[in-house]
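Working through the structure, step by step
One-letter residues, chain by chain:
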Amino acid sequence: MATPNGLARIDTNGGAQKTKKHENGICHDDSSAPVRAQNIDELHSMQRKRSAPTTPIKVDGGAASPFAAALSEEDRRKQQLQSISASLASLTRETGPKVVRGDPARKGEATVKVAPVAAPPPSQPHHHHHHHVAPTISVSDSSLKFTHVLYNLSPAELYEQAIKYEKGSFITDTGALATLSGAKTGRSPRDKRIVKDEAAAQELWWGKGSPNIEMDEHTFLTNRERAVDYLNSLDKVFVNDQFLNWDPENRIKVRIISARAYHSLFMHNMCIRPTEEELEEFGTPDFTIYNAGKFPCNRYTHYMTSSTSVDINLGRREMVILGTQYAGEMKKGLFGVMHYLMPKRRILSLHSGCNMGRDGDVALFFGLSGTGKTTLSTDHNRLLIGDDEHCWSDNGVSNIEGGCYAKCIDLSREKEPDIWNAIKFGTVLENVVFDEHTREVDYTDKSVTENTRAAYPIEYIPNAKIPCVGPHPKNVILLACDAFGVLPPVSKLNLAQTMYHFISGYTALVAGTEDGIKEPQATFSACFGAAFIMLHPTKYAAMLAEKMQTYGATGWLVNTGWSGGRYGVGNRIKLAYTRKIIDAIHSGELLTANYQKTEVFGLEIPTAIEGVPSEILDPTNTWTDKAAYKETLLKLAGLFGKNFEVFASYKIGEDSTLTEEILAAGPKV
Ligand SMILES: Nc1ncnc2c1ncn2[C@@H]1O[C@H](COP(=O)(O)OP(=O)(O)O)[C@@H](O)[C@H]1O
Ligand SMILES: C=C(OP(=O)(O)O)C(=O)O
Ligand SMILES: [Ca+2]
Ligand SMILES: [Mn+2]
């Protein structure tokens, strides 16, 4: 099998061998073709060329079969690059830069040979003239420039790009790509803008409490131009063409144009990765992101409060990112778009994790950031459908994404083995600190940020359910990390209570993590994801109520936060106990348990759960200072009531009795 120079199994035959292999139904796998390369450089160039997944269809140069598809590989590439060039054209220009495929650093290699194929200015004829034509007024400088497109590179290629060109990129001891996101290590919800055109003014939720801060079309175009100009000024850009939503009927095609290999690898992991065939037929994307995050926004345009601007234009189906390199901005930006597109199709978009038991019982895990969606949906005994973003249609649930984005602060192999093991080659590790020499990551180190993250393809979790779809949910679990320590570890909710808590979207986080005890901060985020919803929360709530009723799903409220006192006095509920509670929900054990009702919040709490000390199930037992407990409980109830005031005047669904029941389902102060 080994070739004469000892290099076994490398196809040096330019792909021609591939077509030969199956001739007459016989697989000539053992035939060793002569090495055609004259030197090692040539061999390397062939090896790279053959293996590059940037060639989405049949290997080029292979014996062109008379039965080949109508569109030649070259024409297809040409179309693809023209479409990217059009993407990169600003609005005042007729064309973008001349985009070519491949890394400019690999001069003279085959990747560059595909040549300038960008749309020529309309005044210039396509062919015949090889002499230089002076630019006309309709041609700007940028359309004369070459921008190399690194199109759907593989993780290995993206590693090389990141390590070679991006400061702060390193390979960790387990093979992950450690990288830094720059000054922003979390999302910037206050800098997110939505273009309020006529349709958006009608359809979206605006005003008090809404996350949608308006932007006019002109300001959007100013920012878009700034982003496009920045991207065009670069030698090379990364382009990802991928999908969102595993439901084949409701799949969305997205294109992400970015300046960093880190961003391209992140989206490679987080979106659904197309097969070669799917990429071949990709066509025009439904939505495009221009990520110029390394470049600040123009502070002199309207609406800007900082150098960061994340702008969504639903009409143009575009998103522009300036002044933040935090990669989560892209994934959550697209999630916002899905929160608009899916309800139009009567599909409910959910900020939740999702998993499924071996006998098909599906659970949803709603919750704000840090409450446990990723941790609890990643369960060794169950199939993972997804950790963060889903759709619930008439056919069941589907994951929107192709990957997971786990928090890794204090990550341990013992407590979260599946996430731990997913941090390997291909995974993006953001803002972690590691040993300079061993490259061993210290997950307890918060010196860059507490929001350290790992982004990995969902198949890195051994029991991922691929395709990531499942039947209608049986359990709807609302997660709240209650730093006040007064919510019970688990409560069973009726439908009205489920809606009340879904619309409230409560969690409480600790203000600071150091210098002693600080007051926990209550956060209310409608639908457990106010930052991403586009319509009024009651629209999503009505859809959820209808679906839960139709399919008979049970609601649960799980406190993954404090017990036995507020933050600083009590302790965070042990993850092992929360897992036992979740197990009892999945198994059905909790449906038939004995319940008692709590004061103020009126929650039904079980008296016993296998594997969990019974005394922790009722917070009145765990607080030693009973007066402090009551005071804190009333304080939190007051915050809930105040938050819900804005929703009191809205009707939920067609039936006004449900609305009244929901209003009555809140705490009584
Ligand atoms: N009882 C608990 N339940 C869930 N998570 C817990 C618990 N105790 C500590 N944690 C930690 O809280 C974090 C939850 O974060 P994560 O699952 O990423 O949240 P989300 O996906 O909702 O943003 C993890 O770091 C997890 O280890
Ligand atoms: C990516 C995010 O989601 P989560 O914290 O819910 O995992 C985020 O909020 O930036
Ligand atoms: Ca070839
Ligand atoms: Mn998560």
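Here the structure is shown first, and the text comes after it.
Note that the coordinates shown come from a computational prediction; the quantities given were computed from them, not determined experimentally. Residue numbering note: each chain is counted from 1, following its sequence as written. The order in which chains are written sets their letters, starting at A; the order in which ligands are written sets their numbers, starting at 1. Only residues with pLDDT of 70 or above have their local features reported here, since the model is predicted, and side-chain atom pairs are shown and tallied only from 80 upward, although totals for entire chains, interfaces and linings are computed over all residues. In computing side-chain values, all of the structure's heavy atoms are included and hydrogens and water are not.

1. A look at the overall build of the protein chain
This is how the line gets drawn: Starting at the N terminus, helices and strands are each numbered in turn, a helix being any DSSP run of H or I of at least four residues and a strand any DSSP run of E of at least two. Between buried and exposed lies partly exposed: a residue is buried under 20% and exposed over 50% of the maximum accessible area for its type, with that area taken using a 1.4 Å probe on protein chains only. In what follows, residue pairs with any heavy atoms lying within 4.5 Å of each other are defined as contacts. Here the accessible surface of atoms and residues is derived via Shrake-Rupley with a 1.4 Å probe, and residues count as covered only by protein chains that are part of the display.
When you go through the protein chain residue by residue, the secondary structure sums to 18 helices and 32 strands. Residues classed as buried in the protein chain amount to 55% of the 669 residues present. Counted over contacts in the protein chain with a minimum sequence separation of 6, partners at least 24 positions apart contribute 72%. When the accessible surface of the protein chain is split by element, carbon and sulfur atoms take 52% of a total near 29000 Å².

2. Description of the site of ligand 2
Where we set the bar: Being near a molecule or strand, for a residue, means having at least one of its heavy atoms within 4 Å of it. Pairs of N or O atoms within 3.5 Å make up the polar contacts considered here, provided that, within protein, one atom can donate a hydrogen while the other can accept it, and that residues adjacent in sequence are counted only when both atoms are side-chain atoms. Each residue is assigned to one class: nonpolar for Ala, Val, Leu, Ile, Met, Phe, Trp, Tyr, Cys and Pro, charged for Asp, Glu, Lys and Arg, and polar for all the others, Gly among them.
Near ligand 2 you find Arg-187, Tyr-326, Lys-331, Lys-332, His-351, Ser-369, Lys-373, Asp-388, Tyr-405 and Arg-453, and these make up its full shell. In this structure, an oxygen atom belonging to ligand 2 sits 2.8 Å away from a side-chain N or O atom of Arg-187. Within the side chain of Ser-369, one N or O atom sits 2.4 Å away from an oxygen atom of ligand 2. Computed on the free molecule, ligand 2 has an accessible area of 290 Å², of which 95% lies beneath the protein chains in the complex. Along the lines of polarity and charge, the residues of the shell around ligand 2 split into two nonpolar, two polar and six charged.

3. Remarks on the packing of helix 8 (residues 261–270) against helix 10 (residues 328–344)
Stated precisely, the cut-off is as follows: Here, axes are lines fitted to C-alpha atoms. For helices the fit covers the stretch in contact, and angles between N-to-C directions go from 0 to 180 degrees. Oblique is the label for any angle not covered by the other classes, which are roughly parallel (under 35 degrees), roughly antiparallel (over 145) and roughly perpendicular (65 to 115). What makes a crossing left-handed is the near helix being turned counterclockwise from the far one by less than a right angle; a clockwise turn instead makes it right-handed.
With their axes 9 Å apart at the nearest point, helix 8 and helix 10 run at an angle of 45° to one another. Relative to helix 10, the element helix 8 is oriented oblique. Handedness of the helix 8/helix 10 crossing: right-handed. Together, His-263, Phe-266, Met-267 and Met-270 of helix 8 and Gly-328, Met-330, Lys-331 and Leu-334 of helix 10 make up the contact between the two elements.

4. With respect to the site of ligand 1
Taken together, 16 residues lie around ligand 1, and Gly-370, Lys-373, Thr-374, Thr-375 and Ile-573 are the ones closest in. Take Lys-373: an N or O atom from its side chain is 2.8 Å from an oxygen atom of ligand 1. Here a nitrogen atom of ligand 1 and a backbone polar atom of Ile-573 are 2.8 Å apart. With the chains in place, 90% of the 580 Å² that ligand 1 exposes on its own is no longer accessible.

5. Some remarks on the nonpolar core
For clarity, the cut-off: To qualify as a nonpolar core, a set must consist of buried Ala, Val, Leu, Ile, Met, Phe, Trp, Tyr and Cys residues joined through side-chain atoms within 4.5 Å.
Counting residues in each nonpolar core, the largest one holds 130 residues, and the members touching the most others are Leu-204, Ile-289, Leu-429, Tyr-456, Met-534 and Phe-601. With eight residues, the top contributor of residues to this core is helix 10. When neighbours within four sequence positions are excluded, Leu-204 is seen to be in contact with Ile-194, Asn-212, Leu-314, Tyr-340, Met-534 and Leu-535. Listed in part, the 28 residues of the second largest apolar core include Tyr-151, Cys-297, Met-304 and Leu-322.

6. What to know about helix 3 (residues 73–88)
Applied cut-off: In this scheme, a helix's expected span is set at 1.5 Å multiplied by one less than its residue total.
Compared with the 22 Å implied by 1.5 Å per residue over 16 residues, the 22 Å span of helix 3 between its first and last C-alpha is a close match. Every buried residue belonging to helix 3 is among Glu-73, Arg-76, Arg-77, Gln-80, Leu-81, Ile-84, Ser-85, Ser-87 and Leu-88, and all of these are buried.

7. Observations concerning empty space enclosed by the protein
Worth spelling out the cut-off: Only protein atoms enter the 1 Å grid used here, on which a cavity is any set of points holding a 1.4 Å probe that cannot leave and a pocket is any open set flanked by protein within 12 Å on both sides along at least five of seven lines; residues with an atom within 4 Å of a point are listed as lining. Grid points are joined across faces, edges and corners, and a volume is the space filled by probe spheres set on the points.
All told, the structure shown has three cavities of 30 Å³ or more when counted by the stated rule. If you add up the space inside the largest cavity, you get close to 60 Å³. Along the walls of the largest cavity sit Arg-187, Ser-188, Pro-189, Lys-192, Glu-329, Lys-332, Gly-333, Ala-531 and Phe-532, which together make up its complete lining. The element contributing the most residues to the lining of the largest cavity is helix 10, with three residues. Residue composition of the lining of the largest cavity, by class: three nonpolar, two polar and four charged. For the lining of the second largest cavity, the per-class residue count stands at six nonpolar, four polar and no charged.

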